[in-house]
Structures are given as C-alpha cells and as structure tokens.
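If you want the building blocks of each chain, they are given just below.
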Amino acid sequence: MAAAELRPRKRQRQEDHRHMSNFLTFLSKHKAIIHPSITFCNNDQWGLHCVAKTKINAGTPLFTLPLHLCLTSTSAQEHSVLGPILSELRTTSTLSNLEYDRAMVYCLLLYEKSIPSSIFAPYISMLPTSEILEERVATFTTSNSDTTKVQLLAGTHIATSIIPQHLATLEIIDKEITSILERRLSTKPNVFSRKMLTWAAG
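Counting restarts for each chain: residues are numbered from 1 in the order of the written sequence. At least 70 in pLDDT is required for a residue's local features to be given in this predicted model, at least 80 for side-chain atom pairs to be given and counted, and no such filter applies to totals for whole chains, interfaces and linings, which use all residues. With hydrogens and water stripped out, all remaining heavy atoms of the structure feed into the side-chain values.

Mind showing me how you'd approach unusual backbone geometry here?
Residues other than glycine predominantly adopt negative phi, and peptide bonds predominantly adopt the trans conformation. In this structure, K31 takes a positive phi of about 65 degrees despite not being glycine. Strands here are runs of E lasting at least two residues and helices are runs of H or I lasting at least four, both read from the DSSP assignment and numbered beginning at the N terminus. Counting through the fold element by element, K31 comes out in the loop between α1 (3-29) and β1 (33-34). Burial classes follow relative accessibility: with a 1.4 Å probe on protein chains only, a residue under 20% of its type's maximum area counts as buried, one over 50% as exposed, and anything between as partly exposed. Residue classification places K31 among the exposed residues on the basis of a relative accessible area of 66%. The phi angle at N190 is positive, at roughly 70 degrees, despite the residue not being glycine. Mapped onto the elements, N190 comes out in the loop between α7 (157-185) and α8 (194-200). A relative accessible area of 49% means that N190 is categorised as partly exposed.

Dropping the structure here:
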C-alpha cells in the first residue's frame, strides 16, 4: 500500500483516539461507571468496539449511565425548544405511540448534533458518519463483486419486511415531524434533513 494511502488512515486513527479520549473524560465527569475489565479498541476489521480483558461473569453490569446522559423520548418531550413543538405535532401524527417516541429521540439527537457545545458532543462525535453507515449497509446488501451485485439479503425477512417497514416509517416521520422542524428551527440547513434522519435512525 502506498504511503499516500496510509496517511489518511493514520490521521483517522488519531482523530478516533482523540474522540475516544474526550468520550471517556465525558463519562468520568458525569459519574458514569465502566467495568474495570472493559477496554475500548479501534481497528480496521471491527471499527470502534470494546472487549473484556478478563472473564466477566454473566449478568454483571458492564456500563452504568446516569439517566441525564441518555437521549430518551422523555428528555425530548421535556426539552425547552423541541418539547412544545413535538407535543403539538403529536396530536396530528399518524404514527403509533412507540414510533413517535422513537421519532422524538431521533429529533433530539439531530438537534444536539447541530450544537457544537452540546453536553452530548463527546458521545455524538463517536457515532459513525452517514457515509460510513451507507457503506456498512452496502456490505450486507451486495456481494464483494461489483459485476454481479448479488443481494445477500434478497428473500429474507429483513429484506422483504423489516427494511421496507423501517423506510416507510422514516418517510412518515420526515413528512409529519422533521421537515416541519427543519422549517421552524434550523438556523443552518439540513439539520433535520431526510438524510440526517436516516443517520439518526441508523
């Protein structure tokens, strides 16, 4: 592999290491608890992941997070900016209660992502980009051969039911919620765009 090809990967590793350091500092600052045998790793094969350095008994808690570090439908509903609008839109939504609760979490994630100073910024910086998510989806839906493009999930329940239902739900969320938030709240474009909604739901 040429040196020119290695340099971007090295820079990405350094960037990932910086994000990880910030994330662990964030967890420590807010009294989150991580099992002492857990360590975080990042490599080309598995990406960002955690492994156990020693045996951990079944049923042992690995992570304990304070509730205020969790993005939930309740925190979205109580949000000073999003809450009133989401409560208003819920009255006319065709989504089920469970679907709407999920949609509220997506919206909260997108809102916090748009704010560099957000308390959740160290966590959000650890999430894969929309481009990485699209690449990962492609590895499951096509073969390694660009000539055959065989769909590996063709005919499965995932391909025929779960994915179409998920995409249909996102279309409704976009129509009934995020497109309205985009018009009402965005000080910069595409905070609540359809592409970003797909990312948040990924």
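Would you take a moment to explain the side chain of T169 for this structure?
Locating T169 in the fold gives a position in helix α7. Residue classification places T169 among the buried residues on the basis of a relative accessible area of 15%. Residues within four places of T169 in sequence aside, it is in contact with L95 and E99. Pairs of residues are marked as contacts when any of their non-hydrogen atoms sit within 4.5 Å.

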